[in-house]
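Analysis of the macromolecular model
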Amino acid sequence: MCSVVGYVGNAYCKDLLVEGLSRLEYRGYDSAGFACLSADDNRLMYAKSPGRLIQLKELLDKNPMDGFIGIGHTRWSTHGTSTQENAHPHFDCKKRISIVHNGIIENHHTLRGDLLGKHLFVSDTDTEVVAHLFESLCAQYATCKDALLALAARIEGAYAFIILDNESPDQLILARHRSPLCIGIGEGQMYAASDPIAFAGKTNKVVFLPDATCAIIKKDSIELFDFKGNFLPLEVKTVDFAWLGAEKDGHEHHMLKEIYEQKRAIHATVSSLAAMGDTLWSSIGLTKEQSRAITSLSFIGCGTSWHAARIAQFFFEKIARIPTRVLLASEFRYMPFFPEQKSMYVAISQSGETADTLEALRLVKDMGMATIALTNVASSTLVREAGGFLLTHAGQEMAVASTKAFSTQVAALYWLANRLALEKEIITPEQMQAAEHDLFVVAQVLEDTIELYKHIIVETLAKRYAHKTKAIFLGRHISYPFAMEAALKLKEISYIFSQGYPAGELKHGPLALVDAETPIFLFSHQDPLIYQKLVANAQEVKARSGHIIAFVFEGQDELCKLADQAFVFPRVAPLLEPLAMTGVMQFFAYQVAKELELPIDKPRNLAKSVTVE
Ligand code: M6R
């Protein structure tokens, strides 16, 4: 999950590439690097640094360098730790070839073995192997294109790379297999990047490299060809986007800003879905008749997106009466697959770039099944590859911990379940309107309850729980996947070991973990029967001197009394309980991490967009 950027043109490139990298740092922040050819004599100049981009910037300030052609990288380590040697760009022995890479070269061991003896390796990375191999191939083949095709034939795995060759100082060499890469077309200049947001504001004319293709770009030309060498026509898209990400609107962290944006984001998402009218069907790639005939739904995603789908399973099964499965993309790919013709596969991903989710989508598509992408990024690979798509309108999410993307996914899926129910005449148009209204109401509850509880969380609770070493999250029915999401939120930003369990499973093992020191977060439910079961679970915990933090609904006094700390929420439409509790849950996790003075927006070892398997 690294990011690559490149530039060739009439302008000095250092500042614009570093700016591009800062926009893409969400993809990885273990180390960073930059290389360019000097404007005077095409001499290779470079700087690499472990750590954040800011450290590379400091290095570049101390050792100024610039040119009209250059490449840059931020890294999320796959092979080798975060050191200067392992930072990109990587080079061949003579430093003729400089390469930045996002992906994993799966046969790098074999290739390295073949090259050892003739080449000197200085890093542990798979990428360095490509630099040495390409240099050898350039010596064997008459043209750069032929060497590149030979390279593509030798390497296996996922890659998006940009190569700078000192001997061709007017061009950048690009190749893409399964990892995203695009070209921005400017006036007498070309940009290349993992994500077009890197050059937003400079140009909106974008060529997304199709899978398994290469390109050679000069300041005023692009040659695009497939791995057999066939030239391909350029599909230039006008992408309407702006870079707004750096602003925190006065908040200390992006995560906090994004927590507070959720009401607006849910409104924007629901309003835009409601305004689609019959264009909904063409967008998701189904006719109305086909949508009525769907016999089952399968959601595929990872992390928070998977949790959103687990919550939505209740919507589709209860409201639209469609049997629904929710699959973890990373597992699904290696399990037996039984395609059902009238089934619909929905790949769910905030970024639309998650490698596991994309690969799962490709697998399903190859079986001839209908696919839909639900994502927050209109220009993402998932949108381009799925049969149809639906967008959430959360706006750019910068913090690694997903907040508004999660709540808008849940809101969009609630809306869609109701819309399918309407189409199947299970609900009336009035009930559809009521469902939309309920979403606006719950968005208000989400926001109001943060306001209600923020002082006690900041002043008392965050301090009380920040130094715990583990936490347990319990729920039942729809509050169980929400408990898993809450556990993920706390662990990823506070590094406190957190585990979500179905409350009913407590006595089958996890009860052994209960003691007075371990906070147990319990998420209630409005259904009286499920509520009673949760009360029983709370009693079991209290009988063992456990410590309970309960998220309850108005009138749930018994659970409230059992709790050491309770957050009380207004009653909302059935099945929208998780959305009501979302704001307080996220705010709580945020404050605990803040209390611990951790890098909340960029937690250790993680990246926003997980583009490797
Ligand atoms: O972009 P995606 O929704 O596909 O990302 C999937 C997960 O990597 C992501 O949801 C991750 O779990 C969150 N950052 C957690 O907050």
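What you see as residue numbers is a count from 1 along each chain, following the sequence as written. Local features are withheld for residues below a pLDDT of 70 in this predicted model, meaning they are given only at 70 or higher, and side-chain atom pairs are given and counted only at 80 or more; totals for whole chains, interfaces and linings count all residues. Computation of side-chain values: all heavy atoms of the structure, hydrogens and water removed.

Notes on the overall build of the protein chain
On a plain count of helices and strands, the protein chain comes out with 19 helices and 24 strands. Here the protein chain has a C-alpha radius of gyration of 26 Å; the compact-globule value for 613 residues is 25 Å, and the two agree. Taken along its principal axes, the extent of the C-alpha atoms in the protein chain is 80 × 55 × 45 Å. For the protein chain, with 613 residues in total, the buried portion stands at 62%. In the protein chain, once contacts between residues fewer than 6 apart in sequence are set aside, the share between residues at least 24 apart is 71%. Only four residue types enter the charge count: Lys and Arg as positive, Asp and Glu as negative, with His and the chain ends excluded. For the purpose of locating charges, the reference atoms are NZ of Lys, CZ of Arg, CG of Asp and CD of Glu. Once the 60 positive and 71 negative side-chain charges of the protein chain are each reduced to a mean point, those two points are 2 Å apart. Think of it this way: any DSSP run of H or I at least four residues long counts as a helix, any run of E at least two long counts as a strand, and we number them from the N terminus. Atoms considered for the radius of gyration are the C-alpha atoms alone. The globule rule reads 2.2 Å times the number of residues to the power 0.38. Each residue gets one of three labels from its accessible area relative to the maximum for its type: buried under 20%, exposed over 50%, partly exposed in between, using a 1.4 Å probe on protein chains only. Residue contacts are counted whenever heavy atoms from the two residues lie within 4.5 Å of one another.

What to know about the packing of helix H14 (residues 404-423) against helix H15 (residues 429-465)
Here, axes are lines fitted to C-alpha atoms. For helices the fit covers the stretch in contact, and angles between N-to-C directions go from 0 to 180 degrees. Across the interface, H14 lies against H15 with an axial gap of 9 Å and an inter-helix angle of 170°. It follows that H14 is roughly antiparallel to H15 by the angle criterion. Considering only the axes of H14 and H15, their crossing is right-handed. Between H14, through Ser-407, Ala-411, Tyr-414, Trp-415, Asn-418, Arg-419 and Leu-422, and H15, the contact on the second element is made entirely by Pro-429, Met-432, Ala-435, Glu-436, Asp-438, Leu-439 and Leu-446. Looking at side-chain class alone, the contact of H14 with H15 contains 9 nonpolar, 2 polar and 3 charged residues. Here is the rule for angles: anything less than 35 degrees is roughly parallel, anything more than 145 is roughly antiparallel, 65 through 115 is roughly perpendicular, and the remaining ranges are oblique. Put simply, a crossing is left-handed when the front helix is turned counterclockwise from the back one by less than a right angle, and right-handed when it is turned clockwise. Here the nonpolar group is Ala, Val, Leu, Ile, Met, Phe, Trp, Tyr, Cys and Pro; Asp, Glu, Lys and Arg are the charged ones; every other residue, Gly included, is treated as polar.

What to know about the environment of Ile-300
Residue placement: Ile-300 occurs in strand E15 (residues 296-301). Distance from Ile-300 to Ala-373, taken between C-alpha atoms, is 9.6 Å for residues 73 residues apart in sequence. Discounting chain neighbours no more than four positions away, the residues touching Ile-300 are Leu-327, Ala-329, Phe-332, Tyr-345, Val-346, Ala-347, Ile-348, Thr-357, Ala-360 and Val-364.

Remarks on the domain arrangement of the protein chain
The domains assigned to the protein chain are domain 1 (3-238), domain 2 (254-427) and domain 3 (448-613). Opposite the 13 residues of domain 1 that make contact, domain 3 presents 11 residues. Carbon and sulfur atoms make up 54% of the surface buried where domain 1 meets domain 3, a total of about 1100 Å² over both sides. Values labelled buried area give the accessible surface lost by two parts on being combined, using a 1.4 Å probe and summing over both. It is Tyr-26, Tyr-29 and Trp-76 in domain 1 that bury the most area against domain 3; as a group they hold 47% of the surface buried on that side. We define a salt bridge as a contact between a side-chain nitrogen of Lys or Arg and a carboxyl oxygen of Asp or Glu at a distance within 4 Å. Across the contact surface, domain 1 and domain 3 share 1 salt bridge. For Glu-25, the salt bridge goes to Lys-602, with nearest N and O atoms at 3.4 Å. By the criterion applied in these results, polar contacts are pairs of N or O atoms within 3.5 Å in which, for protein atoms, one can donate a hydrogen and the other can accept it, and in which residues neighboring in sequence qualify only through two side-chain atoms. Seen at the junction of domain 1 and domain 3, the total is 4 residue pairs in polar contact (both at pLDDT 80 or more). Here the residues of the side of domain 1 that touches domain 3 are counted per class, giving 4 nonpolar, 5 polar and 4 charged. Marked domain ranges trace back to an automatic or database domain assignment.

Observations regarding the pattern of salt bridges
For the structure shown, the criterion picks out 30 salt bridges. Its salt-bridge partner being Arg-178, residue Glu-359 comes within 2.8 Å of it at the nearest N-O pair. A residue pair is termed long-range when its members are at least 10 positions apart, and Glu-359 in helix H12 (residues 355-366) and Arg-178 in the loop between strand E8 (172-177) and strand E9 (182-186) qualify at 181 residues. Here Glu-359 falls in the buried class, since its relative accessible area comes to 12%. Glu-289 is paired through a salt bridge with Arg-292; the nearest N and O atoms lie 3.4 Å apart. Here the residue Glu-289 and the residue Arg-292 both occupy positions in helix H9 (residues 288-293), the gap between them amounting to 3 residues, near one helical turn. One continuous salt-bridge network, built from bridges that share partners, spans Glu-106, Arg-178, Glu-359, Arg-362 and Glu-385.

As for H12
To estimate the expected span of a helix, count its residues, drop one, and scale the result by 1.5 Å. Here H12 is 12 residues long and its end C-alpha atoms lie 16 Å apart, about the 16 Å a rise of 1.5 Å per residue gives. Most of H12 is tucked away: 9 of the 12 residues are buried. Here H12 has its buried residues at Ala-355, Asp-356, Thr-357, Leu-358, Glu-359, Ala-360, Leu-361, Arg-362 and Val-364. Summarising the contacts, the buried residues of H12 are in contact with E8, E15, helix H11 (329-332), strand E17 (343-349), strand E18 (370-375) and helix H13 (381-385). Just past H12, the residue Gly-368 takes up positive phi, approximately 80°.

Focus on the packing of helix H1 (residues 14-24) against helix H2 (residues 53-62)
Taken N-terminus to C-terminus, the directions of H1 and H2 make an angle of 165°; their axes are 10 Å apart at the nearest point. When the interaxial angle is binned, H1 and H2 end up roughly antiparallel. Of the two elements, H1 crosses H2, and the hand of that crossing is left-handed. Contact residues: Lys-14, Val-18, Leu-21 and Ser-22 in H1; Leu-53, Lys-57 and Leu-60 in H2. Grouping the constituent residues of the contact of H1 with H2 by class yields 4 nonpolar, 1 polar and 2 charged.

Some points on the site of the ligand
Definition of nearness: a residue and a molecule or strand are near each other if at least one heavy atom of the residue lies within 4 Å of the molecule or strand. The full set close to the ligand counts 15 residues, and Ser-305, Ser-349, Ser-351, Thr-354 and Glu-492 are the nearest of them. A distance of 2.6 Å separates an oxygen atom of the ligand from a polar side-chain atom of Ser-349. The backbone of Gln-350 places a nitrogen or oxygen atom 2.7 Å from an oxygen atom of the ligand. For each structure, a 1 Å grid was placed over the protein atoms alone; sets of points admitting a 1.4 Å probe that cannot get out are labelled cavities, open sets with protein on both sides within 12 Å along at least five of seven lines are labelled pockets, and lining residues have an atom within 4 Å of a point. A molecule is counted as occupying a cavity or pocket when more than half of its atoms fall within 2 Å of that pocket's grid points. Most atoms of the ligand, that is more than half of them, are within 2 Å of grid points of the second largest pocket. At the level of secondary structure, the elements contributing two or more residues to the shell around the ligand comprise helix H10 (303-318) and helix H16 (479-494).

Considering helix H7 (residues 262-274)
Residue pairs three or four apart in sequence face the same way in an α-helix, which turns once every 3.6 residues. For H7, built from 13 residues, the straight-helix expectation of 18 Å at 1.5 Å per residue is met to within 8% by its first-to-last C-alpha distance of 18 Å. Listing the buried residues of H7 in full gives Gln-262, Ala-265, Ile-266, Thr-269, Val-270 and Leu-273. On an axial view of H7, the arc spanned by its buried residues comes to 120°, and they lie on one face. Of the surrounding elements, those touching the buried residues of H7 are helix H6 (254-260), strand E19 (388-391), H14, H15 and helix H19 (577-595). What the arc describes is the spread of directions from the helix axis to the C-beta atoms.

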